[in-house]
Amino acid sequence: MTSTHKACSGISLPLSGDKKTMPPELKFGTKTFPPISKCDLSSVSHCSIAADLDGTLLKASIPFLYYVLVAIEAGSLLRGLIIILSFPIIVIACIFFCDDLAGKILIFLTFSGIKVSDLEIASRAILPRFYAADVRSDSFEVFDSCRRKVVVTANPTVMVDAFAKEFLGADKVLGTEIEVDPLTNRATGLVKAPGILVGEWKKLAVIKEFGEALPDIGLGDRKSDHDFMSICKEGYMVPKDHSASIASPCRLKNQSIFHNDNDYHHPLPQPRSTLITYIHLRFKFILSFVRVYFNLSLLKGIMRSALRSLS
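Now for a look at the structure at hand.

1. So, the pattern of salt bridges
For side chains bearing opposite charge, pairing can occur when the charged atoms are close. Per the stated rule, a full pass over the model turns up 12 salt bridges. Between Asp-161 and Lys-165 there is a salt bridge, and its shortest N-O distance comes to 3.4 Å. Separated by 4 residues within a single helix, Asp-161 and Lys-165 lie in helix α8 (residues 157-166), roughly one turn from each other. In this structure Asp-161 comes out as partly exposed when scored by relative accessible area, which is 21%. For the salt bridge of Asp-225 with Lys-202, the shortest nitrogen-to-oxygen distance reads 3.0 Å. Separated by 23 residues along the polypeptide, Asp-225 in the loop between β9 (217-220) and α10 (226-229) and Lys-202 in helix α9 (residues 200-210) bring together distant segments of the chain.

This is the structure:
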């Protein structure tokens, strides 16, 4: 099979089907990083930053529920339920195989056959309200203090691009690119090479974006983020903290998702509770028709019995 090469800052990257190898000059040894609480913004002037999204800029480290929301809004309730029922398979793939496989399964179930225009609408109209309720204040403060801000994420770019740029003030989103059928303008459910943007592929994406002027700060929350953090001048880990404070809505770059002033004083709904309510309401709507049907049938039977007794 013929290999194609992509140059990145003088580094050639071979890609051949599913077989992926990284140039040896991009491999770095293991490195430890201090927690984000050690980042002193008052003493150093930082120009650029590259930050992960899930678990770093966002409090939630697992984006599963956001995929379900996109599947329901851009697709259908049935698609959302299929993804929910497939959760055990995705978890098994993540634990016993790799994050790459789990991500590909989730992306295929969520995006396959959906119009790109519908995905963009859902990503602009639905997801920002839920993302905004999950932005960590400590990591966002560091992110917002830099002049050039880039988000590096394994999520599909089409899913997070609008929120990252309009609400977090990101200049660029480096994410997984999904394949689109040019004839139908629908997502195929597959991802473009090199695949899911995790580990060393995040590092390569950062090198390609920044060139020789590598980021001053790198933010991540897991071991797979160490690859791109290791090439930044400074790297900080965002530890998992269920009690971590959420950034105030008025700190975000865009408040168009808030309908009135009361939204600034009340917390936004969390994806999990809102998703359950959303699904429950649709089932309740369907159930109401079932109830009407059986009630009318029962009423018709009672009326027939009454007429027979009268005759």
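2. Here's the deal with unusual backbone geometry
In this structure, the amide linkage connecting Ala-193 to the following residue, Pro-194, adopts the cis form with an omega of 10 degrees. With respect to the element layout, Pro-194 can be found in the loop between β8 (186-191) and α9. Located in the positive-phi region is Asn-185, a residue other than glycine, with phi close to 55 degrees. The topology assignment puts Asn-185 in the loop between β7 (178-181) and β8.

Calculation rules
Per chain, residue numbering runs from 1 following the sequence as it is written. Local features in this predicted model are restricted to residues of pLDDT 70 or higher, and side-chain atom pairs are both shown and tallied only at a pLDDT of 80 or more, whereas totals for entire chains, interfaces and linings draw on every residue. Excluded from the side-chain calculations are hydrogens and water; all other atoms, namely the structure's heavy atoms, are used. Whenever Lys or Arg places a side-chain nitrogen within 4 Å of a carboxyl oxygen from Asp or Glu, that contact is recorded as a salt bridge. Under the scheme used here, helices are H or I runs from DSSP no shorter than 4 residues and strands are E runs no shorter than 2 residues, and both carry numbers assigned from the N terminus. Think of it in three bands: with a 1.4 Å probe and only protein chains considered, a residue is buried below 20% of the maximum accessible area for its type, exposed above 50%, and partly exposed in between.

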